[in-house]
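Coordinate inspection notes
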Amino acid sequence: MAYDILATSQTPALIIYALDVSGSMEERLDGRTRIEVVMDALSAALQQIVFRCTKGGQISPRYRIAMFAYSDQVYDILNGVMTIDQVANLGVPELSTMRATNTDLVFREVERLLQNELPHLNNCPAPLVCHMTDGEFNGADPEATVRRIMTMGNSDGKVLVENIFISDGLLNERIIDPTNWQGVTYNTHLKNSYANKLRAMSSPLPESYRIMMAESGYNLDPGAVMMLPGMSPELVEMGFVMSMSTPVSQ
Amino acid sequence: MLKVISLDQNLETPVSLVSGDYFNYRFAYARSADTIKSDTTGQDALTIREEGERIAFVLCDGVSQSFYGNLAARFLAEELNLWLWENADSLLNSNEISEVFAGFLNRSTENASRIVSSQSLPDDVAPMLRAVLEKKRGLGSESTFVAGCLDAGRRETLFAWMGDSRLRIWGIKGEIDRNIFGIDAFKTQERWSTSKGLVGDLHFIKIDLDQIHHVMVYSDGLARLDAKIRMNSPSNHTLSQIIAESGRLAASDDISYLEIWPGFFPDLQKTSPKAPAHLRVKTQPNNHQLVASWNKVNHVDEFEIAIHHPKGWQLFTTQKNSWEIAIRSLPINTSAVSIRSWSDENASDWSRTQPVSIPDPSSMNSTIMVRDSGLYREQDQSIIMGGDIYAPGLNRPSKRHRSWLLPVLVLIEVGLICLASLVLSVGTNKIIPADGWISTLLPFGQSSPVQVINPDSHDRQEKKFLPSATHISIFPTQTGTEKPKQIDSTPAIQVFTPIVSPEP
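Criteria and thresholds
- Here the residue numbers are simple positions, counted from 1 along each chain's written sequence.
- Lettering of chains starts at A and numbering of ligands starts at 1, both following the order in which they are written.
- Reporting of local features is limited, given that this is a predicted model, to residues whose pLDDT is at least 70; pairs of side-chain atoms are given and counted only at 80 or more, and all residues count toward the totals for whole chains, interfaces and linings.
- Excluded from the side-chain calculation are hydrogens and water; included are all heavy atoms of the structure.
- Secondary structure elements follow DSSP: runs of H or I no shorter than four residues count as helices, runs of E no shorter than two count as strands, and numbering proceeds from the N terminus.
- Throughout this description, buried means an accessible area under 20% of the type-specific maximum (1.4 Å probe, protein chains only), exposed means over 50%, and partly exposed covers the range between.
- The definition of a polar contact used here is a pair of N or O atoms within 3.5 Å, where within protein one atom must be able to donate a hydrogen and the other to accept one, and adjacent residues in sequence count solely through side-chain atom pairs.
- Between 30 and 60 degrees the pair is tilted, below 30 it is stacked and above 60 it is edge-to-face, where a pair is any two Phe, Tyr or Trp rings, Trp via its six-membered ring, whose centres lie within 6.5 Å.
- Whether a charge sits over a ring depends on NZ of Lys or CZ of Arg being within 6 Å of the ring centre and within 35 degrees of the ring normal.
- Note on pairing: DSSP must find at least two bridges between two strands before they are called paired.
- Whether two residues touch is decided by their heavy atoms; if any such pair falls within 4.5 Å, the residues are in contact.
- Here an axis means a line fitted to C-alpha atoms, over the contact stretch when the element is a helix, while the angle between two N-to-C directions is reported on a 0 to 180 degree scale.
- Like charges within 9 Å and nonpolar side chains (Val, Leu, Ile, Met, Phe, Trp, Tyr) within 5 Å are joined into patches, using only residues over 30% in relative accessible area that form no salt bridge.
- We get accessible surface area from the Shrake-Rupley algorithm with a probe of 1.4 Å; when it comes to residues, only the shown protein chains can shield them.
- Criterion for a salt bridge: a side-chain nitrogen of Lys or Arg within 4 Å of a carboxyl oxygen of Asp or Glu.
- Working convention for charge: Lys and Arg count positive, Asp and Glu count negative, and His plus the chain ends are omitted.
- All charge positions are set by atom: Lys at NZ, Arg at CZ, Asp at CG, Glu at CD.
- Of all possible arcs, the one meant is that of the directions from the helix axis to the C-beta atoms.
- For the purposes of this section, nonpolar cores are sets of buried Ala, Val, Leu, Ile, Met, Phe, Trp, Tyr and Cys residues that join through side-chain atoms within 4.5 Å.
- Simply put, the buried area is the total loss of 1.4 Å probe accessible area from both parts when two parts are fitted together.
- Following the grouping adopted for this structure description, the nonpolar residues are Ala, Val, Leu, Ile, Met, Phe, Trp, Tyr, Cys and Pro, the charged ones are Asp, Glu, Lys and Arg, and the polar ones are all others, Gly among them.

1. Some thoughts on the environment of Lys 270 of chain B
Residue and element names in this part refer to chain B. Its location among the elements puts Lys 270 in the loop between strand S14 (255-262) and strand S15 (280-284). The class for Lys 270 is partly exposed, based on a relative accessible area of 23%. For the pair Lys 270 and Gly 197, spaced 73 residues apart in the sequence, the C-alpha separation amounts to 44 Å. A polar side-chain atom of Lys 270 sits 2.7 Å from the main-chain carbonyl oxygen of Ser 233.

2. Here we look at the packing of aromatic side chains
In total, this model carries 17 aromatic pairs over all chains according to the counting rule given. Centre to centre, the rings of Trp 83 of chain B and Phe 101 of chain B are 5.3 Å apart; their planes meet at 75°, and the pair counts as edge-to-face. Highlighted residues: Trp 83 of chain B in helix H2 (residues 69-86) and Phe 101 of chain B in helix H4 (residues 97-107), separated in sequence by 18 residues. Judged by centre distance (5.0 Å) and plane angle (40°), the rings of Phe 316 of chain B and Trp 323 of chain B are tilted. By way of ring pairs, the aromatic residues Phe 137, Phe 165 and Tyr 194 of chain A are connected into one cluster. Over the aromatic face of Trp 313 of chain B sits the side chain of Arg 248 of chain B, whose NZ or CZ is 4.5 Å from the ring centroid.

3. Quick word on the sheet that holds strand S8 (residues 166-171) of chain B
Residue and element names in this part refer to chain B. The six strands are arranged S2-S3-S14-S13-S8-S9 in an open sheet whose pairing can be described as antiparallel. Only two strands of the sheet have a single partner each, and these edge strands are strand S2 (13-19) and strand S9 (174-175). Two elements, S2 and strand S3 (residues 23-30), share five bridges in a ladder whose sense is antiparallel. Bridging from a neighbouring strand, Ser 19 pairs with Asn 24 of S3. On the sheet, helix H9 (residues 236-246) packs against S2, S3 and S14 and is oriented at approximately 150° with respect to S2.

4. Let's talk about a negative patch on the surface
Residue and element names in this part refer to chain A. A cluster of acidic residues, Asp 30, Asp 168, Glu 234 and Glu 237, forms a negative patch at the surface. Relative to the helices and strands, Glu 234 is located in helix H7 (residues 233-243). Glu 234 gets classed as partly exposed once you look at its relative accessible area, which sits at 43%.

5. Some remarks on the side chain of Thr 54 of chain A
Of note, Thr 54 of chain A is situated in strand S4 (residues 54-55). Apart from residues no more than four positions distant in its own chain, Thr 54 of chain A is found in contact with Ile 59 of chain A together with Ser 64, Gln 65, Leu 129, Val 132, Leu 133 and Lys 136 of chain B.

6. A short note on helix H5 (residues 109-118) of chain B
Residue and element names in this part refer to chain B. Within H5, the full set of buried residues consists of Thr 109, Ala 112 and Val 116. Take H5 and look down its axis: the buried residues cluster within an arc of 65°, on one side only. Exposed residues pointing more than 90 degrees away from the buried face of H5 are listed as Glu 110, Ser 117 and Ser 118. Lining the buried residues of H5 we find H2, H4, helix H6 (127-139), strand S10 (191-193) and strand S11 (197-199).

7. A look at the nonpolar core
Of all hydrophobic cores here, the largest spans 101 residues; its most connected members are Tyr 17, Ile 49, Ile 65, Ile 84, Leu 114 and Phe 240 of chain A. The element best represented in this core is helix H1 (residues 34-53) of chain A, accounting for 12 residues.

8. Things to note about the interface of chain B and chain A
Each partner contributes residues to the interface: chain B has 47 residues there, and chain A has 38 residues. Both sides together, the interface formed by chain B and chain A hides about 3400 Å², and carbon and sulfur atoms give 53% of it. Our count for the chain B to chain A interface comes out at two salt bridges. Close ionic contact of Asp 253 of chain B with Lys 55 of chain A constitutes a salt bridge, the shortest N to O distance being 3.8 Å. Taken together, the connections running from chain B to chain A amount to 15 residue pairs in polar contact (both at pLDDT 80 or more). Going through the elements one at a time, helix H1 (33-38), H6, strand S18 (312-318), helix H10 (361-364) and strand S23 (367-372) of chain B are the ones with two or more residues in the side of chain B that touches chain A. For the side of chain B that touches chain A, the element with the highest residue contribution is H6 of chain B, accounting for eight residues. Among the residues making up the side of chain B that touches chain A, the classes are represented as 21 nonpolar, 16 polar and 10 charged.

Okay, here's the thing in structure tokens:
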């Protein structure tokens, strides 16, 4: 089965976060700014990764993290790729909002990073790119770049691309309890054309990830895709949980 | 005399044999590679009590994602073992073993929780890790276990377990546990918790001792034994090898092992098969394969190949006396290969290690990504013309590759110049727009060289050649008044700033 290589200290999993810090991230979502919701969810996700990697009082470097924040420029928050124990020592970065949303620029940077990394990731879990945005891109259309990224991969499978789209009213119904929600499939009606585009730029959810998410309490359908409508802080948090659902040894 | 053996979680215990009053047994313990490296406590635990015609054991595997899984493992190994020893008769007489067992395990959470509460954290723990550890403390410490009591006087045995540590039982004719409790009886999700007690189902079974030839119990760190050992007890040599090399594998985990024989001692010094001789390893650059071959060995069930790399080993098997693998599938910086034979579930020594030289994985790619008019496209590396190649994130081809490229590049340049002279018989430059690049065909004999500038980044230090056989793409300077400036001194191609702008 693809996507079944365990994340270990010898074969760590690579997660690349691409976070939109455009001006619209100052808008409110359930009483807080969108950027605050994202930073809280990211902090919770990093803590959860540390949780999964800790044995006794030691963090085993089972994950490697890269983090880009982008508006009209791209900022490499961690200055390259860091192991999770290094990220834990650093703490969660603070991000402030800027201006535009040059999505293609950040994905080209992600592509460049993956080209550097993939030759060294034989026998490791397939890398995952977790993109969070709240609005349509400015500048070049990122879809071609993302599609190229989705053709890259290693022995475990193609690079996984996940999109968290923070916006209101994407679905016909409101999701009150994410743990009972089946997820977005290719047939789900999305009320926003950019959401449809992001779904086309999202990978199918691997079965091993779906099983790991079930252990975190989320019951997604087998046909779900790696796209989350960030209509509430709980769904944003679910998106970040999805990003770290690589199989690990218990 | 009562023997109580409680293995130290901070040390490796080599395969050790004990000849008891009735039962004979051997055990071993090894921490995972990460745990040894950080010199911390292993999360497996094993306690054995043995006297006269009775032996009781508890083997535990602490859940690493719980709070200091070693605490639950150690507590349970000792407390459950003592309780089992003291209550063996009543348990063996009881028809309500499950309730009695569960009652003890749930009551034990009170004492265990005190141990968890009093566990101190290192002073230098980072805030994020401290927050995670305190969250884990609130959830408790957890462990799987396999417990057993064998009584030769009563000719009865009792086993209980939760989790995925293995309990394997052999009769005279072979392994019998799967027939008794199936293959799904060991579930990772089931465990004992210091805060919750039983998490999942408690399993138990009683078997007449006369049905048992021997019993083998081990934590999932030794999961390789599942497939390797089916019929016999492994020799001490084989068992020691498997334990030692488990620490070199990617999924290295703590290991605890116990094997019990009632009333006899098997031959554990079995003759090992011959190690394969004359290992030959070579790389085939044409099809990017690593090929290993060795002399035949008689009466061998399979061969095992170890690929050595800086982080450990990767193991493969074959039944032939040769083996090949795509170089691209090998771990980064693979340095050596060794092999051994397996016969009748016993392993030979490893062969002499054969060093290998694996090229840089980026240079083994048959294509690289090159920028062309702001877009990436794949390009067959074998016909790149040389000079600096703009392939973001990829290393330059090694000099070893350049040594055979040079004559090819010279031939291609000569071909280009000849072709250009045929096309431009009037001796003027022609501009052929090509997706953002302005192309110029150099007329034969013209001495004004050009500088290549990337149109996306406008970085004039970058030089770019599209390896087409029909044209070289360039982007000329704006003014055309700059003097020629040597940028690149690669013998095959000289690159300079143009002194005139090309005509439209």
